[in-house]
Amino acid sequence: MAVRDELVLGRRTLHARFRSAPPRTLAAGELLTAAVCSSNEIYHLVEGWACQFRDFSDGHQAIVDVYTPGEVIGLDAIFRARPPEKVMTLTSIATTVIDAEAGLTDLMTCRSTALYVAWLLGRRQRRSDRLLAAISSLDARGRLATMLLDFYRRLSHQSLITGLSYNLPLTQTQIGAYLGLTVAHVNRVLRSLRDEQIVNLEKHCLTILDPERLTILTQNGSLANAVAGQRSLYSPMPRSRSSFPPNGGSF
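The model shown is predicted, which means the values in this text are computed figures rather than measured ones. (Residues numbered from 1 in each chain as written. Predicted model: local features only at pLDDT ≥ 70, side-chain atom pairs only at ≥ 80, totals over all residues. Heavy atoms only, no water.)

**Q** Any chance you could break down the overall build of the protein chain for me, citing the residues and the numbers?
**A** When helices and strands are tallied, the protein chain shows 9 helices and 10 strands. Counting all 251 residues of the protein chain, 47% fall into the buried class. By sequence separation, contacts in the protein chain at least 24 residues apart represent 71% of the contacts at least 6 residues apart. (Helix = DSSP H or I, 4+ residues; strand = E, 2+ residues; numbered from the N terminus. Buried < 20%, exposed > 50% of the residue type's maximum accessible area, 1.4 Å probe, protein only. Contact = heavy atoms within 4.5 Å.)

Given below as structure tokens:
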């Protein structure tokens, strides 16, 4: 069996296990672990957004990952590789929950499921690597552009949007905690991108007005360095069934 076929089979098997679990709903601002009184759970985010964060002794809080609808949260619980981190809902959510030990360990004996879980972990690591590279190497405009395009691509992969607009539930404070910026800096950058007709954010509705220029910002953070007539690195997300599994990311 080809690797892609095994990934599709693994995804179906894992999601079948999630569908057999009773659904839960949480309001915005709730901790996932508090809702189930356990840190050994794995969640399938059916609807809504959530974020993973760390608290520091000085009261500072950093968002280290953001989860969009359709994603799986808590896969580290399978391996117990590190202490569980806090995950909070950014919007009201619908989720299904399975116990990592009782509900998933047996599935990991299946090659296709184990391969799919490894693929999910690898995709999350690539996302973390992109964020780290952006924070380390780009200015505020480049960081924000990287985040906005990342959310756009993830929602497109899940077939949740078809145009260049989507709901962005993060506040400016949360965006700053995710990108390592102050709220004032986030506000200035969003204003400048709106004034330059690159993106517009109004009442949590994000519209990408100029995908090409937004993509250039993810490469060097400054449109001034862009070569005139540079070919856009942006391309529309593939929509064909052959490119992506139903309601899943690309393999």
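From this point on, the discussion continues.
**Q** An account of the packing of helix α6 (residues 140-157) against helix α9 (residues 211-220) is requested, with residue identities and associated values reported.
**A** Axis separation between α6 and α9 bottoms out at 7 Å; the angle between their running directions is 120 degrees. It follows from the interaxial angle that α6 and α9 lie oblique. Crossing angle aside, the handedness with which α6 passes α9 is left-handed. Residues Arg-141, Gly-142, Ala-145, Thr-146 and Leu-149 of α6 form the contact with α9, whose own contacting residues are Leu-214, Thr-215, Leu-217 and Thr-218. (Axes fitted to C-alpha atoms, helices over the stretch in contact; angles between N-to-C directions. Parallel < 35°, antiparallel > 145°, perpendicular 65-115°, else oblique. Left-handed = near helix turned anticlockwise from the far one by under 90°.)

**Q** Describe the side chain of Arg-127, and please don't skip the residues or the numbers.
**A** Note on placement: Arg-127 falls in helix α5 (residues 111-137). The contact partners of Arg-127, leaving out residues within four places of it in the chain, are Asp-65, Val-66, Tyr-67, Glu-71, Asp-150 and Arg-154.

**Q** Which residues make up the confidence of the model for the protein chain, and what are the values?
**A** Chain-level statistics for the protein chain give a pLDDT mean of 84 and a share of 80% at 70 or above. Element-level mean pLDDT values for the protein chain span from 63 in helix α2 (residues 32-36) up to 98 in strand β10 (residues 205-208). Scored below 50 in pLDDT, residues 224-248 shows 43 contacts in the model against residues more than four places distant or in partner chains. (pLDDT = per-residue confidence, 0-100.)

**Q** Outline the side chain of Asp-150, listing residues and values.
**A** With respect to the element layout, Asp-150 can be found in helix α6. Discounting residues that sit within four places of it in the chain, Asp-150 has contacts with Arg-127 and Arg-130.

**Q** Which residues make up unusual backbone geometry, and what values do they have?
**A** The phi torsion at Gln-197 lies on the positive side, around 60 degrees, for a residue other than glycine. In this structure, Gln-197 sits in the loop between α8 (183-195) and β9 (199-202). The backbone of Lys-203 sits at a positive phi, close to 50 degrees, despite the residue not being glycine. As for its placement among the helices and strands, Lys-203 is situated in the loop between β9 and β10.

**Q** Any chance you could break down empty space enclosed by the protein for me, citing the residues and the numbers?
**A** Picture a little ball the size of a water molecule; that probe, rolled over the atoms, points out where space is still empty. A full pass over the atoms with the stated rule returns 3 cavities of 30 Å³ or more. Its volume calculated, the largest cavity comes out at about 120 Å³. Lining of the largest cavity is provided by Tyr-67, Glu-71, Val-72, Gly-74, Leu-75, Leu-120, Leu-121, Arg-123, Arg-124 and Arg-127. When grouped by side-chain class, the residues that make up the lining of the largest cavity number 5 nonpolar, 1 polar and 4 charged. Together, Arg-127, Arg-130, Leu-131, Ala-134, Arg-143, Thr-146, Met-147, Asp-150, Tyr-178 and Leu-179 line the second largest cavity. For the lining of the second largest cavity, the per-class residue count stands at 5 nonpolar, 1 polar and 4 charged. (1 Å grid on protein atoms, 1.4 Å probe; cavity = no way out; pocket = protein on both sides within 12 Å on 5 of 7 lines; lining within 4 Å. Points joined across faces, edges and corners; volume = space filled by probe spheres on them. Nonpolar A, V, L, I, M, F, W, Y, C, P; charged D, E, K, R; others polar.)

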